[in-house]
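Residue-level listing of the chains:
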Amino acid sequence: MTSEKRDYRDTLFLPKTDFPMRAGLPKKEPEWLAHWNKIGLFERLREQSKGRKQYILHDGPPYANGHIHMGTALNKILKDIVNRSHQMLGYDAHYVPGWDCHGLPIEWKVEEEFRGKGRSKDEVSGPEFRTRCREYASEWLDVQREEFKRLGVVGEWDNPYKTMNFQSEADICGELLKIAKTGQLYRGSKPIMWSPVEQTALAEAEVEYADRKATQIYVKFPVRPMTGTKSLLPVTADGAPNIVDMTMFDGASVVIWTTTPWTIPANRAVSYALNIRCGLYEVTELEESDFSPWSKVGDKLIVADNLWENVAKAGLIKSAKRLRTVSSYFYEDALLDHPLKSMEGAEGKYDYPVPMLCGDHVTADAGTGFVHTAPSHGEDDYVVWISNQKKLEALGIAPVVPMTLDDAGCYTEVMPTRFQGLDVIRTSGKKRGQDGKANPEVLKALVECGNLLARGMLTLRDAHSWRSKAPVIRRATPQWFISMSKGGLRDKAVAEIEKTKFWPDRGRNRIGTMVADRPDWLISRQRNWGVPITLMVGPNGELHTERDDADAINTRILAAVEKVGVDGWFETPLEDFMPDSNDGWSKVTDILDVWFDSGSTHAFCLKRRDDLKDRADLYLEGSDQHRGWFQSSLLESCAVYGEAPYDGVLTHGFVVDEKGLKMSKSLGNTMSPEDISKQYGAEIMRIWTASSDWANDLKIGREIIQTNVDAYRKLRNTLRYMIGALDGYDEADAVDYNDMPALEKWVLHRLAEITTEHEAAVRNHDHKKIFSTLFNFCTVDLSAFYFDIRKDALYCDPLNSTRRRACRTVIDEVFQRLTTWLAPIMCFTMEEVWQARHPSEDGSVHMELFRDAPDGWLNADIAAKMETVRDFRTQASEAIEPLRKDKVIKSSLEASVTAPATEALTSALSALGITRQETYANPADPSDTLADYLIVSECTLSEKAADVSVADLKEAGWTKCERSWKYFKPNAAVGEGEITPRDAAAVKAFESGA
RNA sequence: AGGCCGGUAGCUCAGCUGGUUAGAGCGCGCCCCUGAUAAGGGCGAGGUCGGAAGUUCAAGUCUUCUUCGGCCUACCA
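Owing to the predicted nature of the structure, the values given are computational and were not obtained by experimental measurement.

Colleague: In this structure, what is going on with the overall build of chain A? I would like to understand it.
Modeller: Within chain A one finds 30 helices and 33 strands. In summary, chain A has a C-alpha radius of gyration of 41 Å against a globular reference of 30 Å for 994 residues, an excess of more than 25%. In terms of overall dimensions, chain A has C-alpha extents of about 135 × 80 × 50 Å along its principal axes. Scored against the burial criterion, the 994 residues of chain A give a buried share of 56%. The contacts of chain A with a sequence gap of at least 6 include a subset with a gap of at least 24, amounting to 78%. For chain A, the accessible surface area stands at approximately 42800 Å², while carbon and sulfur atoms represent 50% of it. Averaging the positions of the 125 positive and the 150 negative side-chain charges in chain A gives two centres separated by 2 Å.

In structure tokens:
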């Protein structure tokens, strides 16, 4: 024997592949996108799944303005994972993305553009303005489309739905007409922020708060005579009955305080709060003053106790006597006179009784403890007025919200002639934005009536238009509402919510309470870029939908909009739609709340398109959409079709930074999808999405991304190893299940197990479970266990040994499943991996279906026994570890393990067929030794052994096989030398070219 | 301010209807391999479950309070 040892490396069957270890995702991903585009993947998927049961995830439309952010990226990736998963589960998951195109933000941007060109809003015609809005939306839509595609999202990008398609706009109009026809639509009014200078409605965001000098006044509301007595609880301290003679309020007044005197003529009520202690005061002495005070000795005033001093000071009252506490016994029944009832020229318009209403908005911070309530001129006033409908009805007071101001902010004919035409704010001239004639005239009238208690000036912060900087007023305007009750909409919606499946389940509760509590749906907006409310109103306020020729009229309207879009309504004269009996009829010029647009997507997308079923399986959006799209869609659909447009609703949380704080530019903790794609690849974002818990807020940050990058590498390498191990594998080499070693059967058992878990998780949208299950399978079961053990057989067994072929048979099965299971998540890399195994010009892993596990793979018995073996394997590793640390042994192959022959272990081994002792030489023998499992060279079980012990085989004089590096005792008698009999057989086969 | 929801190791997640010393993977530390090599393997150290009180024989799991965070209360989408 020479001292030179032969190098057996070339006789080994090492994994062989060109598949790169490093992905280069930022560069590679766009190439795959181009490839899929070239082979028409989406179309091929549709073609392939024709006739299958549809799974429709209906897209919630993003707003076509600005770049996408992490939230929108997350949303689209989640949708994509859901779609791809269901497609591969065997559905036809046809996904049509959509966009929301109308609305205020775009309107603002376009206005700004025109202003930049020196053209004010008035100088631009409606059609020109809207045309530009349309272009603007279109431009951003294109940008976002590319950004979404870059994330790997597959869908019908060439034919998305858009709320601004002419057909969509017509369909949206049609939906509203249907609602009008069923009587669920009504006209009411509501105060909104209005800038008289620009004569336009303003959104909260169009308003800035600045100081304004205001006239503040204290006003007396005389109490109407009351009769009788009231017995109150509790009784007084001395036990005497607490009886109030209500006539003591004769001549008394409730005092209010306001900084907007011009709203007094519109007063309808006085609001109070039960938790504010109030008293009835009788003035006994007045301050000496140059002015003659408006209050008189003997005046009885009702004011909050803690504010009495302020009021007295303002009214120049030196002293007063507190007569008694005033509380609900009074408020409930008291009716007041309007303070202007007796003014000259009142025309009887202030004869109505002014009730007292309980309101949450009343505080004792300032004023008198009582709030003047003009439902036309304040949100709180409006709410308290509308929500007290019952009390008003009982009093015989119609709960109308009078429209007291016109567009220019001048009193209308609702007011007495004396006030008509007076302006609240000057809208032109040098004093533009300053007080107009209304305030002084109201003050004058109040003095005439003797109901002005005090007046003064005050500086307060109030809303101003951010364009003109002029003050903004609150003004009631006619508005359109969809009634929650008239057609039973609320009940219907609540019932549908009960029937809907929610992920997570708490979503049902959230949207349920919102719908149950919500007021009627205000759908009109005084804006330009939107779908018109295509209604015509008759001389008596009747709707054209109530007319006999309504259908013909509607047909004309819808045809016009379908032809040229919304301008078909705005630019067409009424006569064209309503040729007959149109005297006194007028077109409504308002547009629809954009939520009505998106709430109708199910109508103009799902129901309109023949290739989509009418009702979606799933709506999937962020949790903010409980009050948004989920709700608007539900209400719209229930109002028109009497049912929800979806079977299921999934809500995900918001993307927050690694500390759980929301992302904001000011915090500097934002991340953009684009940056992540460029630096790491969209795949990393997809893994992040899949591994996060969408039911809560999703954290992202550097460390989290790095974790996902690491996970990606591990998976990529695992797949790469399989590709290498399968080099040259042909299915003809496959070994029958029954001929496989237990280890292979166990892997197949795991595949069967995961198959079941996986399908359940897909149906439950539990992607993080899928990802963690598969990731752990790769690291724990495959990499650290199965592959580690099988390296020996794979590299060293004779090429055609049963054991080696069985291993490759199983790896092929694992590969098929792993790639398909991961494909919905890692759509780029799984394609790359798939193509490396199955090169094809036009093939794709995304055309594959998830494969069932054949009966018989699932084998709980093998699983349990294998568990025992693995436990033992861990014990052996623990025992070897100290020797490695002490440098006694390096490779575990140098070790010989001796362990107690426990019943559990020996029976597991015999059940699993891990029985062979001798160094394997028969290529047809599929069995393993226990040493193979431990990756040691010898393992013996002994009844005598007390615990697991390890011996050094070098020390014992064993020979290291030059081929497999295992230690063995050559049997010179049969010619064994430097390699084991197994290796000798393998080399012989190799050299003979087998 | 109100409504809804969430807070388990450095990170991502498991922990079913309350019941053994709270789990996994990653990361980290140490070690091995050098025939998956900008790979692979082994061992190990890390939480008392945001905090407090309570119910119970027993609480991460139920109740209350509290703290931190998120979403919603817009003529924003």
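Colleague: Where do I start with the packing of helix α13 (residues 506-517) against helix α19 (residues 629-641) in this structure?
Modeller: Between α13 and α19, the shortest axis-to-axis distance is 11 Å and the interhelical angle comes to 55°. The angle between the axes of α13 and α19 places the two elements in the oblique class. Our pair here, α13 against α19, has a crossing hand that is right-handed. Facing α13, whose interface residues are Ile511, Met514 and Val515, α19 presents Phe630, Gln631 and Leu634.

Colleague: What is the right way to look at the side chain of Asp657 in this model?
Modeller: Here Asp657 shows up in the loop between β27 (655-656) and α20 (673-679). Lys659 is the oppositely charged side chain nearest to the buried, salt-bridge-free Asp657, at an N-O distance of 5.1 Å. One polar contact links the side chain of Asp657 to the main-chain amide nitrogen of Lys659, over a distance of 2.9 Å. For Asp657, the side chain forms a polar contact with the side chain of Asn669, separated by 2.8 Å.

Colleague: Sorry, what's going on with the packing of aromatic side chains here?
Modeller: How two aromatic rings sit relative to each other is given by the distance of their centres and the angle of their planes. Enumeration over the complete set of coordinates arrives at 20 aromatic pairs. Residues Tyr619 and Tyr646 carry aromatic rings whose centres are separated by 4.7 Å and whose planes lie at 65° to one another, so their mutual orientation is edge-to-face. One end of the pair, Tyr619, is in strand β25 (residues 616-622); the other, Tyr646, is in strand β26 (residues 646-652), and 27 residues separate them in sequence. Taking the relative accessible area as the measure of exposure, Tyr646 reaches 1% and is therefore buried. When the ring of Phe771 is compared with that of Phe775, the centres are 6.1 Å apart and the planes differ by 15°; the resulting orientation is stacked.

Colleague: How do you make sense of the sheet that holds strand β16 (residues 371-373) when you look at a structure like this?
Modeller: Through backbone hydrogen bonds, the strands of a sheet pair up, either in parallel or in antiparallel fashion. If you trace the 4 strands from one edge of the open sheet to the other, you get β14-β15-β10-β16, paired in mixed fashion. With partners counted over all chains shown, the strands left at the sheet margins are β14 (335-337) and β16, one partner each. With strand direction ignored, the average angle separating the axes of adjacent strands in the sheet is 35°. Across 3 bridges, the pairing between strand β10 (residues 269-272) and strand β15 (residues 353-358) is parallel. Counterpart to Tyr272 in the pairing with β15 is Cys358.

Colleague: Is there a simple way to think about the pattern of salt bridges in this case?
Modeller: If the charged atoms of two oppositely charged side chains come close together, the side chains can form a pair. Tallied over the entire structure, the rule returns 65 salt bridges. As a salt-bridge pair, Arg790 and Glu744 come within 2.8 Å of each other at their nearest N and O atoms. Of the two residues, Arg790 is situated in helix α24 (residues 767-796) and Glu744 in helix α23 (residues 742-763); the sequence distance between them amounts to 46 residues. By the burial criterion, Arg790 is buried, and Glu744 matches it. With its nearest N and O atoms 2.7 Å apart, the salt bridge here joins Glu813 to Arg817. Of this pair, Glu813 and Arg817 both sit in helix α25 (residues 802-822), separated by 4 residues, roughly a single helical turn. For Glu813, a relative accessible area of 21% corresponds to the partly exposed category.

Colleague: Sorry, what's going on with the domain arrangement of chain A here?
Modeller: The figure often quoted for interface size is the accessible area lost as the parts come together. The domain architecture assigned to chain A consists of domain 1 (40-184 + 491-527 + 597-652), domain 2 (214-401 + 440-459), domain 3 (534-589), domain 4 (702-858) and domain 5 (873-992). One C-alpha centre belongs to domain 2, the other to domain 5, and the line joining them spans 99 Å.

Colleague: Just to check I follow, could you spell out the packing of α23 against α24 for this structure?
Modeller: Here α23 crosses α24 at 175°, and the two axes come no closer than 11 Å. Relative to α24, the element α23 lies roughly antiparallel. Facing Leu743, Glu744, Trp746, Val747, Arg750, Leu751, Ile754, Glu757, His758, Ala761 and Val762 of α23, the residues of α24 in contact are Lys769, Ile770, Thr773, Leu774, Phe777, Asp781, Phe785, Tyr786, Ile789 and Arg790. In terms of residue class, the contact of α23 with α24 is built from 13 nonpolar, 2 polar and 6 charged.

Colleague: How should the pairing of strand β29 (residues 895-900) be read in this particular structure?
Modeller: The two faces of the sheet receive side chains in turn, since in a regular strand these alternate between them. A large share of β29 lies buried, amounting to 5 of its 6 residues. When β29 meets strand β31 (residues 949-952), the two strands line up antiparallel, connected through 4 bridges. Note on β31: the bridge partner recorded for Ser896 is Ala951. Strand direction decides the pairing type here: β29 and strand β30 (residues 938-942), joined by 5 bridges, are parallel. Opposite Thr898, over in β30, you have Thr940 as the bridge partner.

Colleague: Looking at this structure, how should I read the protein's contact with RNA strand B?
Modeller: Near RNA strand B lie 66 residues; those nearest to it are Leu104, Ala203, Gln526, Arg627 and Lys887. A share of 77% is what sugar and phosphate atoms reach among the atoms of RNA strand B within 4 Å of the protein. In the model, a base nitrogen of RNA strand B is placed 3.1 Å from a nitrogen or oxygen of the Gln479 side chain. Only α4 (104-116), α13, α17 (594-599), α22 (702-725), α24 and α27 (860-885) provide two or more residues apiece to the surface near RNA strand B. Here the element with the most residues in the surface near RNA strand B is α24; it accounts for 10 residues. The residue makeup of the surface near RNA strand B, split by class, is 22 nonpolar, 16 polar and 28 charged.

Colleague: Help me out: how do you make sense of the sheet that holds strand β13 (residues 317-326) in this one?
Modeller: Within the open sheet, the 6 strands sit side by side as β13-β11-β12-β9-β6-β17. Their pairing is mixed. This sheet does not close on itself; its edge strands, each paired only once, are β13 and β17 (452-465). Strand after strand, the sheet turns through a mean of 30° between neighbouring axes, direction not considered. One ladder, built from 3 bridges, connects strand β9 (residues 252-258) with strand β12 (residues 300-304); its direction is parallel. Bridge pairing in β12 places Ser253 opposite Leu301. This element, helix α11 (residues 438-449), spans β6 (207-222) and β17 of the sheet and lies at about 15° to β6.

Colleague: Help me out: how do you make sense of a positive patch on the surface in this one?
Modeller: On the surface, Lys885, Lys887, Lys890 and Lys960 cluster together into a positively charged patch. Inspection of the secondary structure puts Lys960 in strand β32 (residues 959-960). On the basis of relative accessibility, which here comes to 35%, the residue Lys960 falls in the partly exposed class.

Colleague: What is the right way to read the state of the cysteines from this model?
Modeller: Every disulfide links exactly two cysteines, by a covalent bond between their sulfur atoms. Across all of its chains, the model carries 0 disulfides by this definition. Summary of cysteine pairing: Cys939 is not part of a disulfide, and the nearest cysteine sulfur, belonging to Cys961, is at 19 Å. The exposure class of Cys939 is buried, given its relative accessible area of 9%.

Colleague: In this structure, what is going on with unusual backbone geometry? I would like to understand it.
Modeller: With glycine set apart, most residues show a phi of negative sign, and most peptide bonds adopt trans. Cis geometry marks the peptide bond from Trp503 to Pro504; its omega dihedral reads -15°. One can find Pro504 in the loop between β19 (501-503) and α13.

What counts, and at which threshold
Residues numbered from 1 in each chain as written. Chains lettered and ligands numbered in written order. Predicted model: local features only at pLDDT ≥ 70, side-chain atom pairs only at ≥ 80, totals over all residues. Heavy atoms only, no water. Helix = DSSP H or I, 4+ residues; strand = E, 2+ residues; numbered from the N terminus. Rg over C-alpha atoms; globule rule 2.2 N^0.38 Å. Buried < 20%, exposed > 50% of the residue type's maximum accessible area, 1.4 Å probe, protein only. Contact = heavy atoms within 4.5 Å. Areas by Shrake-Rupley, 256 points an atom, 1.4 Å probe, with all protein chains shown as cover. Lys, Arg positive; Asp, Glu negative; His and termini not counted. Charge placed at Lys NZ, Arg CZ, Asp CG, Glu CD. Axes fitted to C-alpha atoms, helices over the stretch in contact; angles between N-to-C directions. Parallel < 35°, antiparallel > 145°, perpendicular 65-115°, else oblique. Left-handed = near helix turned anticlockwise from the far one by under 90°. Salt bridge = Lys/Arg side-chain N within 4 Å of Asp/Glu carboxyl O. Polar contact = N/O pair within 3.5 Å; in protein donor to acceptor, adjacent residues only side chain to side chain. Phe/Tyr/Trp six-rings, centres within 6.5 Å; stacked < 30°, edge-to-face > 60°. Pairing = 2+ DSSP bridges. Domains from an automatic or database assignment. Nonpolar A, V, L, I, M, F, W, Y, C, P; charged D, E, K, R; others polar. Near = heavy atom within 4 Å. Patch = residues over 30% accessible without salt bridge, like charges linked within 9 Å, V, L, I, M, F, W, Y side chains within 5 Å. Disulfide = S-S within 2.5 Å.

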